[in-house]
Each structure stands twice: as C-alpha cells, then as structure tokens.
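Report on the structure
These are the residues of each chain, in order.
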Amino acid sequence: MPQSNQSEYLFNSIAGNSWRNIGTRRRAGLLIPLFSVYSESSQGIGDLNDLKLIVDLCKKAEISIVQLLPMNELGGSLSPYDSLSSFALEPVYISLEKLNIKSSRSSFQERLFELRKKFPAGKKPLNYQIRAEKEKLLRDIFRKEFDSIPEEFNNFRQDNSYWIEDFALYKAIKEFQGQKPWYQWQEEYRHRDASTIEHFYKEKEKEIIFTIWQQWQLYKQFKEAKDYARSKDILLKGDLPILVSRDSADVWAHPEFFKLGYAAGAPVDMYAAKGQRWDMPTYDWEKIAADDYRYLKEKLKFAQNFYDLLRIDHVAGLFRIWSIPYDDPQENKGLNGSFDPADEGKWQEHGRRSLSIMLENTKMLLCAEDLGTIPPSCPKVLKELAIPGNDVQRWNKDWQVTHDFLEPRDYRFLAVAMLSTHDTTNWAAWWENEAGTIDEPLFIRRCVSHAIDYEAVKAKLFDLTLSRHARLRWLKAVDSIDKLAGILGKKKEEITDIIDMYENTYGEKEKLWQKLGIKGSMKEKADKKIMSAALGITLKSASIFCIELVLDWLYLAGIFKGDSYNHRINVPGTISEDNWSYVIPASLEDLLNNKVLREIKGLVISSDRAKKAIKKVASSVE
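Predicted model only: the values in this text are computed from it and were never measured.

Across its full length, the protein holds 26 helices and 16 strands. In terms of overall size, the protein behaves like a compact globule, its C-alpha atoms giving a radius of gyration of 25 Å where 622 residues would be expected to give roughly 25 Å. Dimensions of the protein, computed from the C-alpha atoms along their principal axes, are close to 80 × 55 × 50 Å. Relative to its 622 residues, the protein shows a buried fraction of 58%. Taking contacts inside the protein between residues at least 6 apart in sequence as the whole, the part at least 24 apart equals 76%. For the protein, the accessible surface area stands at approximately 25,800 Å², while carbon and sulfur atoms represent 49% of it. Charge separation in the protein, taken as the distance between the mean sites of 90 positive and 91 negative side-chain charges, equals 5 Å.

With 181 residues, the main nonpolar core has Trp19, Ile54, Phe222, Tyr307, Leu355, Trp427 and Leu516 as its most contacted residues. Sorting elements by how many residues they give to this core places helix 10 (residues 205-231) first, with 11 residues. Counting residues in each nonpolar core, the second largest holds 21 residues, with Tyr454, Val478, Ala485 and Ile498 among its members.

Describing an aromatic ring pair means giving the distance of the ring centres and the angle of the ring planes. Scanning the entire structure with this criterion turns up 41 aromatic pairs. Judged by centre distance (5.8 Å) and plane angle (80°), the rings of Phe153 and Trp216 are edge-to-face. A residue pair is termed long-range when its members are at least 10 positions apart, and Phe153 in helix 6 (residues 151-159) and Trp216 in helix 10 qualify at 63 residues. Overall, the relative accessible area of 2% leaves Phe153 in the buried class. Of note, Lys397 hangs over the ring of Phe405, and the distance from its end group to the ring centre comes to 5.1 Å.

Take Thr24: it is sitting in the loop between helix 2 (16-22) and strand 1 (27-31). At 2.9 Å, the side chain of Thr24 and the side chain of Ser7 are in polar contact.

Each strand in a sheet pairs with another by means of backbone hydrogen bonds, the pair being arranged parallel or else antiparallel. Read from one edge to the other, the open sheet built from 4 strands follows the order 6-5-9-10, with strand pairing classed as antiparallel. Only two strands of the sheet have a single neighbouring strand rather than two, namely strand 6 (276-277) and strand 10 (338-340).

Residues lying three or four places apart along an α-helix face the same way, a consequence of the helix completing one turn every 3.6 residues. Within the sequence span of helix 6, burial applies to Phe153, Phe156 and Arg157. Summarising the axial view, the buried residues of helix 6 lie within an arc of 100°, below the 170-degree limit, and thus occupy one face. Exposed and facing more than 90 degrees away from the buried side of helix 6 are Glu151 and Gln158. Against helix 7 (164-176), helix 9 (194-203), helix 10 and helix 13 (294-303) lie the buried residues of helix 6.

In this fold, Arg277 is placed in strand 6. A relative accessible area of 11% means that Arg277 is categorised as buried. A distance of 2.8 Å separates the side chain of Arg277 from the backbone oxygen of Tyr326, its partner in a polar contact. A distance of 2.8 Å separates the side chain of Arg277 from the backbone oxygen of Asp328, its partner in a polar contact. Discounting chain neighbours no more than four positions away, the residues touching Arg277 are Ala263, Ala264, Gly265, Ile324, Pro325, Tyr326, Asp328, Pro329, Gln330, Lys333 and Gly334.

A word on the pairing of strand 3 (residues 235-240). Both faces of the sheet carry side chains from a regular strand, because those side chains alternate between them. Burial analysis of strand 3 places 6 of its 6 residues in the buried class, which makes it a mostly covered element. Across the two faces of strand 3 the burial is the same, with Leu235, Lys237 and Asp239 and Leu236, Gly238 and Leu240 all buried. Summarising the sheet, strand 2 (residues 65-67) and strand 3 pair through 3 bridges and their orientation is parallel. Pairing of Val66 across the sheet is with Leu236, part of strand 3. Bridge analysis of strand 3 against strand 8 (residues 309-312) gives 4 bridges, and the strand direction is parallel. The partner of Leu240 across the bridge, within strand 8, is Ile312.

With that settled, the discussion passes to the sheet that holds strand 2. Pairing is parallel in the open sheet, where 8 strands are placed in the order 11-8-3-2-1-16-13-12. Pairing within the sheet leaves two strands with one partner each, and these edge strands are strand 11 (365-368) and strand 12 (389-392). Put simply, the sheet's adjacent strands are angled 30° from each other on average, direction ignored. When strand 1 meets strand 2, the two strands line up parallel, connected through 3 bridges. In the sheet register, Gly29 faces strand 2, and the bridge partner there is Ile65. Helix 22 (residues 528-539) rests against strand 1, strand 13 (415-418) and strand 16 (545-549) of the sheet, and its axis sits at about 150° to strand 16.

Okay, the environment of Tyr582 next. The residue Tyr582 is located in the loop between helix 23 (550-554) and helix 24 (588-592) in this model. Beyond its immediate chain neighbours, meaning those up to four positions away, Tyr582 contacts Phe35, Ser36, Leu551, Phe560, Asn566, His567, Arg568 and Ile569. Here His567 takes part through its side chain, which lies 2.6 Å from a polar atom of the side chain of Tyr582.

Our next topic: the confidence of the model for the protein. Of all residues in the protein, 97% have pLDDT values of 70 or greater, and the mean over the chain is 95. For residues 614-622, every residue scores under 50 in pLDDT, and the model assigns this stretch 14 contacts once sequence neighbours within four places are set aside.

So, about the pairing of strand 13. Where burial is concerned, the two faces of strand 13 agree: the one with Ala415 and Ala417 and the one with Val416 and Met418 are both buried. Bridge count between strand 12 and strand 13: 4 bridges; the pairing is parallel. Looking at strand 13, one finds that Asn390 is bridged to Val416.

Parameters at a glance
Residues numbered from 1 in each chain as written. Predicted model: local features only at pLDDT ≥ 70, side-chain atom pairs only at ≥ 80, totals over all residues. Heavy atoms only, no water. Helix = DSSP H or I, 4+ residues; strand = E, 2+ residues; numbered from the N terminus. Rg over C-alpha atoms; globule rule 2.2 N^0.38 Å. Buried < 20%, exposed > 50% of the residue type's maximum accessible area, 1.4 Å probe, protein only. Contact = heavy atoms within 4.5 Å. Areas by Shrake-Rupley, 256 points an atom, 1.4 Å probe, with all protein chains shown as cover. Lys, Arg positive; Asp, Glu negative; His and termini not counted. Charge placed at Lys NZ, Arg CZ, Asp CG, Glu CD. Core = buried A, V, L, I, M, F, W, Y, C linked by side-chain atoms within 4.5 Å. Phe/Tyr/Trp six-rings, centres within 6.5 Å; stacked < 30°, edge-to-face > 60°. Lys NZ or Arg CZ within 6 Å of the ring centre and 35° of its normal. Polar contact = N/O pair within 3.5 Å; in protein donor to acceptor, adjacent residues only side chain to side chain. Pairing = 2+ DSSP bridges. Arc of directions from axis to C-beta. Axes fitted to C-alpha atoms, helices over the stretch in contact; angles between N-to-C directions. pLDDT = per-residue confidence, 0-100.

Take a look at the structure:
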C-alpha cells in the first residue's frame, strides 16, 4: 500500500485522531525498564529524572520512541503486571533530587549520600529494599512540607478523585492490617463499613495525604519528563496491564467489576507445557459496562498525562480470557481453564466494543500485544480499528506451509516489529539456546499422551550437546517426517501434534541464517555481525514501528558478559528474585558516550526510520 494510502487509511479510522497526534511516520524505538538503568545521581534504582537521560541517549541514536514497562505501584511479587493499582505510580521512581518542595534540600543531602552509599547504583540484582529506605526519607520531607502544600496539590487530588482517595485509604488500611491482602482484613474493613472507614480516615488522615502527596510528586516529575521528550521529538509509550492484582485498591474499591472466583492465565502452547496461571481475577464486563465503562475511561485519562502511545497488554483478553477456577491446585497452572465468554460467537463484538470505548476516550495511540493464542477475530478487529499489533521476528513465520520466517516486506504494516519482548530471552540467547528447539516438558507431555517412551527416543531425536535450558535441539539426521514417525514408532496421522512442532522448529536456525544474508557457514554463537543483521530485518520491515528491547540494541556495545541466557528481564510463570531486577552493566552517562549509539544511528538511518527520513515522508503525506 503506498504511503499516501496508508496515511489516509489511518486518518480515516476510529483511531484517526490518535494517528494525527503522532503522525504516520516510520519510527524506531527502545523498550527499556526504568528499574534496569541508573545514573550518577540515582539512589539504587533508575528514577524519573533518569528518563531524561534515556531520551538524550535515544536522540543521539535517532530513536524516536521510548517504551516503558508498566509504572504502577508494585505489589508483593514486584511484577509491574501485578500491581496494587492500575492508576497509582510506583514511588521508588521519585527523583529525590527533583522534589517539588519548599524546604531546603540541604536538610537531607547527607541522607541522600548515605542512600547512594548503602544502595550503590548498578549493583546486580536490583535491591528493592531501596523502596522502603526512600519512603522513610520521603515521609520526613513530607512532615516538613505538610503545612505548606500548594493549592496545585489540591487540584491534582480533585482531578483524580475517582481513584486516588480509595488508593490512599487502601494503603493506610493495609499498613494498619499488617500488610495482609484486603480479602484477609477484618470484615468491617474488607467490606468498607461506612462508619468504620470514616473513623479510620480521621485517625489516619495525615498518612492518607502522604500517599496522595507521593502520587502528586510522581505526577509532576513524569509530566516534566514527557514534556522534555516531546521537546526532543521523542514519544513516550506506556504499558497498560489488562489485569490488576487480586490484592489491589481497584479490586477492594470495586469488587463488583471482578470475577473473584477465577484466576486469569493462558492455555498450553509450545512454550508453556501446562499453560500459565497469573492469579489476577478476571473482569465482569457486564458490570463495567453498566457503569458506562468509567473504570476503563479513568485509567486512560490518567495514563494520558504521561504517554503518547499505550501498549495494551494481552489484548486477546478483551475478546476472551483464559479463566481458571481459583481453587484449582496451583501446580495445574493453566491446564484446567476455559475461555470466558464461553460462546465464541461473542468474542469479536466483545473485543471491538472494549477497544472502541478506549479509542473514543483517549488521544494516545493504542498498540496491542497480540501474541500467543489469538482468536481469528482479534487481528481482524485490530486492523479495522487501525491498532498496531506486535510482529516478533522469532514467531513471524508461515506456520502452515513453508514453516519459514517472513521476509521484511511481508511484516504487517500496522504493527510494531521487534526481535524480543520483556518476557522472552534476548535475541542472542534465543539464537544460541532456543532456535531450532522444542520445549522439553511439552514434548514429554506429548509423549505421555501417545504412549511413547521419552527416555528411549530422546537421544535418537535430539542433539543433546546443543540442548540446554529445557530446550531440545533436533538432530540434523532427523530430516523428514517419515524418520520422525519411524523413531517414535507411530503412524504419521497418530502424531499430528508432534509433527506440527517438528515442522515449525526443525532447521529453524538454518532458515533464519539464510534470511540474515551473511556469507559462510552458519554460526552457533551470536556476534555483533549476526545481531546487526537480525536488527536489520525488523528495522527494514514494512511495519510502521520497530521497537527493540534494550538488551538487543546494546548487544552491539559488547557490554554483556557470560552466558547471554542470564541477561533477561522476566521468565513468565515463575517467581524468582531474578525477575524484574535486571540491571544494565553500564550507567546512562557511560552509554551516552558509547560509540554504539553511532552504530545504532546508522542502522536506523539505513532503514528510513531516522529524523531526516521522517521529515521526507511526512512532507509527502501531511
């Protein structure tokens, strides 16, 4: 489709105003968790002032989108996708150097020095105890500020009255109840008895206002960072988790909006042998609709203060959600779930209605995470509404016929192209450990279902010297379906599920090597040349946006040591101190002076995603 036709299509869609707001430009982007960075002024973790340095870094590399993970206040799991609120921001990201206060900063400079000494920036893994230490200091500063809080604070409080009073009250009661989840509180607090709540509010008013004050400080600093990014022609992209923690202010304040007898998750796929169970409750959309979707609209209203674009996590869940009985044993993960709504005929309209409501109530451009098991109605509706999906190189294949990777020109125009996500291995780790492999636990399950002795066939099918991290690499000798069936001792029609796995993974690495266009024999280990070629595929793709994970961009800098498999943001379906605690082994100041930015800039320019190319394209369509 010619550029002018593409622009007309986007501008005339229901998302037209959002597209006009940012333009129909080919852009390159950077996905970077704020907790993974640090600067010389950081106290143990990246903060909102450091976001400006990220913008500076991107400016030097001709990158024009900065994508963050959810910035919501963290719960006990420390996962940004399992938050205490789908509104409130995480206080650990407050820059203590940039507080909006009247008190002299000299009064707490010594304590800032002590914090930096106790929580040295750049130490791995991230020490989340910094949260409590920063809060202690913020409380002391607040006490000095309490009698001189400006009217601007009250305006903020009023503008966000839908959620902020409930959130601050929830936080205070949670503290009073020994940090227990709300569903274990005393009944009068659990069910919001009016007289009990009124009395508690009077007793804890200062504590409640402190929480609101923290959110105001975050709001001010985040807005300033967004304005700074805009001044550099860089867009900020946020992330809206489709779900919220069972123990959250949202669920406590509005239990009628949730189906508390169920836990959300995902069905079995080739990467998760038992599916996934996330434990967040599913929504009661009928109740949300009866309230004119205000809960959804208010989320967008607040997020719009900070972002130009917004990623909708697990968008398929707006069409139907994998719903697991809450009392089902945890070890079953997602095995015993089912889709809600159960009637597939309702999925398309359900998704279209939810997304249309969102588009009609925000200036942000919505982007959809449409990965995993997706109903056919989902991509159809996304295209209809002009919402970009995700095209991840390792999964962007012809799964039915050639089982080969798509050419860059065959990526969807209406998409965000990428090599990796925050939930996957980085690309180098995928290339070295996962390309051309299948998931061992899933294959074992398939063997059990077909009465196949896994241990007897394992060495006949797989190269065990190249199989690691519970991934099985096919032996080159198993080069046909007939050989596969013969080793398994089964007729082909009896093992169609195993054949499907084989066809989409056997020789996968060799197939992508051909797409990379590198001369010579295929290399098992990734290097800068291979990574540059991989980045080139997604950058030169037809997709309007290409947003790469920071680990993939910075692989070109040569700063990562050891097994690339250990450089990871999160492993889905697991609870580990390694999740959500990855720290990049270089400060933002060091990265700003690293020659890798020139290399990245060259890649961006050559793919027509740089500022000069943007101006050239824009002049022809706007």
